[in-house]
Amino acid sequence: MKPEHSVQTEPMSKARLRLWLQLLKLSSGIEGELRRRLRDRHDTTLPRFDVMAALARHKDGLKMSDLSRYLKVSNGNVTGIVDRLVEEGLALRVAVPGDRRANLARLTPKGEAAFADLAAQHEAWIDELLAPLSDSDTQTLMGLLKKAMTQEARHGSE
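So, here's what we can say about the structure. Computed from a prediction, not measured in an experiment: that's the story for all the values here.

Rules used in this analysis
- Throughout this document, residue positions are counted from 1 along each chain, in the order its sequence is written.
- Per-residue local features are limited, in this predicted model, to residues with pLDDT of at least 70; the limit for side-chain atom pairs, both in listing and counting, is 80 or more; totals at the level of whole chains, interfaces and linings are taken over all residues.
- Values reported for side chains reflect all heavy atoms of the structure, with hydrogen atoms and water molecules removed beforehand.
- Working definition: helices are DSSP H or I runs of at least four residues, strands are E runs of at least two. Numbering for both runs from the N terminus.
- We call a residue buried when its accessible area falls under 20% of the maximum for its residue type, exposed when it is over 50%, and partly exposed in between, using a 1.4 Å probe and counting protein chains only.
- Here a polar contact is recorded for every N or O atom pair within 3.5 Å, except that within protein the pair must consist of a potential hydrogen donor and a potential acceptor, and residues adjacent in sequence are included only if both atoms are side-chain atoms.
- Contact definition: two residues touch when any of their heavy atoms are within 4.5 Å.

## Let's talk about the environment of Ser74
Next, step 1: Mapped onto the secondary structure, Ser74 falls in the loop between helix 3 (64-71) and helix 4 (75-87).
Next, step 2: Overall, Ser74 belongs to the partly exposed group, its relative accessible area being 37%.
Next, step 3: Here the alpha-carbon distance between Ser74 and Arg100, two residues 26 residues apart in the chain, equals 22 Å.

Here's what the structure looks like:
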């Protein structure tokens, strides 16, 4: 009688590594496509979109340092983008009462309208790019990612 052959499975660490690489490939691919579409169809950039999105979420405005922290980029990157938005009438700078050195960046009504159009396009593109996922797939994946993010948060605080 021959001994049974056990099915050789890879260690979970290898499977998780492959998962990470697939997530990275998916994320990078989507980001690249968004960058291309923003550039080609709207003559804008993803960092500019991100700044406008942050300002749209904070109607009262954000200090440049807060905006940099929020977006996890340098003050210089944010300042250049806000400067161009101000020049185009899409944003403005407002003095912070009691702090002569600080300004808040805020979208103008024109900036809010421009961002609303971009945001609608962005949402439609994401919907298109992730269309192969069913509602059930999307909910399952969201739950799994939240679970992984909880684990990451625990390790990030060490």
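## Topic: the side chain of Arg48
Next, step 1: Following the sequence through the fold, Arg48 ends up in helix 2 (residues 46-57).
Next, step 2: When its relative accessible area of 16% is taken as the criterion, Arg48 is described as buried.
Next, step 3: Looking at Arg48, its side chain comes within polar contact range of the side chain of Thr44, at 3.1 Å.
Next, step 4: Not counting chain neighbours up to four residues away, the residues in contact with Arg48 comprise Ile81, Arg84, Leu85, Glu88 and Leu90.

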